[in-house]
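The lines below spell out each chain.
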Amino acid sequence: MSRIVLRELTKSFGALPVVAPLSLDIESGSFVSLLGPSGCGKTTLVRVIAGLEPATAGRVTVDDLAPRVARANKRVAMVPQQPGLLPWRSVRANSRLLLDVNRRANPADTTDTLDLLREVGLGDFLDAFPHELSGGMQQRVALVRALALRAPLLVMDEPFAALDEITRTEMRTLLNRLVEGRGVTVLFVTHSIGEAVALSDRVLVSSPRPSSVVADIAIDLPRPRSAYVEDDPRFVELCSQVRHALHAGMQP
Amino acid sequence: MIKRLLAPVLGFTAFLALWEAFVRVFEVRKFILRPPSTAMRHLWNFRDDFLAAASITSGHAALGLVIGLTVSLLLGAALSANRFAEWAAQPVLTLVQVVPWVAYVSSVVLWLDGGNKPVLFMVALGCTPAFVFATIDGMRGADPATIELLASVDAGRWEVLRRVRLPSAAPALFTASRFNIGFSLAIAFYVEGSNFSNEGIGSIGRRAASQASSADALWAAVFAMAILGFLGLMALSLLERTVLRWHVSQRSQPG
């Protein structure tokens, strides 16, 4: 489990401020979505938290570790927008990619990714190559690849953005099922209101650049969440609340 | 499928038939062009000599290619990691590519004291520019999403190179190999003709070219080189089909 702390964090590219001074606490084991318009700096913020980009000022810690250290210890597992599978590796080999590099930082009890692949419904595609899979299946491999690390923090950057609506809904249900009970902290970047509400314990609404959190909305839908969570009147109410916050944040 | 196999055979047979007819109908002088039938007959009559020479020549071309490829992978990996070094190396590589190697090959032969060494050196040198450019382009073309992903778990440079960048360069390297196979055979043939030894198809060709009476031997040497080139490309295609199984170029296409 992982606790993320941000204190007066800023990030600029040259003279361009991308993340405004931002303070934030993310509790261990919670699912937090960062929702905002395109180009508002969400990706930059998660890259700073994942240790891929240094902060310009302020402080970030992941489990009391500097992001750079957390990254070196493989304590952050990423699921990017594009699955980024290696076309010459089979599904099974792709799912092991992150375990195959920087091995000394692997958890002591690495397991085969086989069970995870079966769990996400890819049991019949272990030897298939990425080009033989649909977009949703490819993203499921990417999900297994990240979960296989058993990292306490899962960072997902618009992972379902390139998928069709039916597949997206299916992936939401799958993701809920996978993270519930695993105790993993999830930081999920999205620009879909429904996706944020269906998945999260908490939705952080971001303003346009420079990014700052304009609303912090608790999602009190019960868990485990079923595929029909979106039919719940409370879901509709929460979506509306998030939508208003998003629009309010976009006013100059 | 049968059509697919039959078409190239038919095309090639038609080409040989036209050639044969052209030489006979227009009575082309002997040392300018021989009909394919006499060249092939000569090749068959002296098959033992040609077989021995072919093993030397194909060895020169193959070993030179492997040396060139190895040097190019090391050089390309280093250059793809550093723009400045790449810019610095570009004119030299271009020079190797555009300066006609036949112009300085006799100096190389003298320098390396004849025999196998100048042949291998020239083949390796000749293959290097295309291989290096392919390596750089292929490595740079690696999927940035995957590179970033590996960075997120602090993968080492060598791991990224081996697991992502190098395999990403494989398709470009195969394309370069297609070109370099013909090129390496041409270089091997030429240098064998001037390396003070009597080995290889190149030296048969050289001896034949110096006397008008051996036009058949010269054209037999041309045929032998064509066969080697053809076999080389076939071997490459087979290798490509296994190594690049995953690549879009190797998937069956409709139609």
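Predicted model, so just to flag it, every value in this text is computed and none were measured. (Residues numbered from 1 in each chain as written. Chains lettered and ligands numbered in written order. Predicted model: local features only at pLDDT ≥ 70, side-chain atom pairs only at ≥ 80, totals over all residues.)

Caption draft 1: View of the overall build of chain B. If you tally the helices and strands in chain B, you get 10 helices and zero strands. Counting from the amino terminus, helix and strand elements in chain B follow one another as α-α-α-α-α-α-α-α-α-α. With the C-alpha coordinates of chain B rotated into their principal frame, the extents come out at 70 × 55 × 30 Å. Residues classed as buried in chain B amount to 36% of the 255 residues present. (Helix = DSSP H or I, 4+ residues; strand = E, 2+ residues; numbered from the N terminus. Buried ≥ 20, exposed ≤ 12 C-beta atoms within 10 Å, placed from the backbone.)

Caption draft 2: Structural view of the interface of chain B and chain A. With 17 residues of chain B in contact, the opposing surface of chain A contributes 20 residues. For the side of chain B that touches chain A, the secondary structure elements donating two or more residues are α7 (144-151) and α8 (157-192) of chain B. With six residues, α7 of chain B is the single largest residue contributor to the side of chain B that touches chain A. Across the side of chain B that touches chain A, the residue classes tally to nine nonpolar, three polar and five charged. (Contact = placed C-beta atoms within 7 Å. Nonpolar A, V, L, I, M, F, W, Y, C, P; charged D, E, K, R; others polar.)

Caption draft 3: Seen up close, the pairing of strand β8 (residues 202-206) of chain A. All names here are of chain A. Of all five residues that make up β8, four are buried, and the element is covered over most of its length. Pairing of strand β3 (residues 31-35) with β8 involves four bridges; the strand directions are parallel. When the bridges of β8 are listed, V32 appears paired with R202. Pairing geometry for β8 and strand β9 (residues 213-218), over five bridges, is antiparallel. Along β9, the bridge assignment pairs S206 with V213. Where β8 folds back onto β9 in an antiparallel hairpin, the turn is made up of six residues. (Pairing = 2+ DSSP bridges.)

Caption draft 4: Just the sheet that holds strand β7 (residues 185-190) of chain A, in detail. Residue and element names in this part refer to chain A. Spatially, the six strands line up as an open sheet ordered β5-β6-β7-β3-β8-β9, and their pairing is mixed. Edge positions in the sheet fall to β5 (76-79) and β9, since each of these pairs with one other strand and no more. Strand-to-strand, the axes of this sheet are offset by a mean angle of 15°, without reference to chain direction. In the sheet, strand β6 (residues 153-157) pairs with β7 via five bridges, with the strands oriented parallel. Pairing of V155 across the sheet is with L187, part of β7. On top of the sheet, helix α1 (residues 42-49) reaches β3, β6, β7 and β8; it is set at about 155° to β7, its chief contact. (Axes fitted to C-alpha atoms, helices over the stretch in contact; angles between N-to-C directions.)

Caption draft 5: View of helix α6 (residues 116-140) of chain B. The end-to-end C-alpha distance of α6 of chain B, which contains 25 residues, comes to 36 Å, matching closely the 36 Å that a straight helix rising 1.5 Å per residue would cover. The buried fraction of α6 of chain B amounts to 19 of the 25 residues, a majority that puts the element mostly inside the structure. (Expected span 1.5 Å × (residues − 1).)

Caption draft 6: Examining the packing of α7 of chain B against α8 of chain B more closely. All names here are of chain B. One can describe the packing of α7 onto α8 by two numbers: an axis separation of 11 Å at closest approach and a directional angle of 145°. For the crossing formed where α7 meets α8, the hand is right-handed. Two secondary-structure elements touch here, α7 through T146, I147 and L150 and α8 through E159, V160 and V164. (Left-handed = near helix turned anticlockwise from the far one by under 90°.)

Caption draft 7: Expanded view of the environment of L149 of chain A. Residue and element names in this part refer to chain A. As for its position among the elements, L149 is in the loop between α6 (135-147) and β6. Measuring from C-alpha to C-alpha, the distance between L149 and D25 comes to 24 Å, with 124 residues separating the pair along the chain. The contacts of L149, once residues within four sequence positions are left out, are K74, A77, L98 and L99.

Caption draft 8: Structural context of the nonpolar core. The biggest cluster of nonpolar side chains holds 126 residues, and the ones touching the most others in it are I49, V155, L187 and V242 of chain A together with V123 of chain B. Looking at which element gives the most residues to this core, the answer is α6 of chain B, with 13 residues. Among residues more than four places away in sequence, those in contact with V155 of chain A are V46, I49, A50, V76, M78 and L187 of chain A. (Core = buried A, V, L, I, M, F, W, Y, C linked by C-beta atoms within 7 Å.)

Caption draft 9: Geometry of the packing of helix α5 (residues 101-111) of chain B against α6 of chain B. All names here are of chain B. Running from N to C, α5 and α6 cross one another at 145°; their axes reach a closest spacing of 10 Å. Our pair here, α5 against α6, has a crossing hand that is right-handed. Within the contact between the two elements, α5 uses W101, V105, V108 and V109 and α6 uses P118, F121, M122 and G126. Of the residues in the contact of α5 with α6, the class split is seven nonpolar, one polar and no charged.

Caption draft 10: Expanded view of helix α9 (residues 201-209) of chain B. Within α9 of chain B, the full set of buried residues consists of I201, G202, S203, I204, G205 and A208 of chain B. If you follow the buried residues of α9 of chain B, they end up packed against α3 (47-80), α8 and α10 (215-243) of chain B.

Caption draft 11: How the structure looks around unusual backbone geometry. Residue and element names in this part refer to chain A. Omega for the bond connecting R223 with P224 falls within 30 degrees of zero, at -5°, which places this linkage in the cis form. Its location among the elements puts P224 in the loop between β9 and α9 (233-250). Positive phi, close to 45°, is recorded for E158, a residue that is not glycine. Tracing the chain through its elements places E158 in the loop between β6 and α7 (165-179). On the basis of neighbour count, E158 is assigned to the buried category, with 21 C-beta atoms found within 10 Å.

Caption draft 12: Representation of the sheet that holds strand β4 (residues 57-62) of chain A. All names here are of chain A. Pairing within the open sheet is antiparallel, and its three strands lie in the order β2-β1-β4. The sheet is open, and its two borders are formed by β2 (16-26) and β4, each paired with just one other strand. In this sheet, neighbouring strand axes are inclined to one another by 25° on average, regardless of whether the strands run parallel or antiparallel. As paired elements, strand β1 (residues 4-13) and β2 share seven bridges and run antiparallel to each other. The residue bridging F13 from the neighbouring strand is L16, located in β2. Contacts from α1 reach β1, β2 and β4 within the one sheet, and its direction differs from that of β1 by about 125°.

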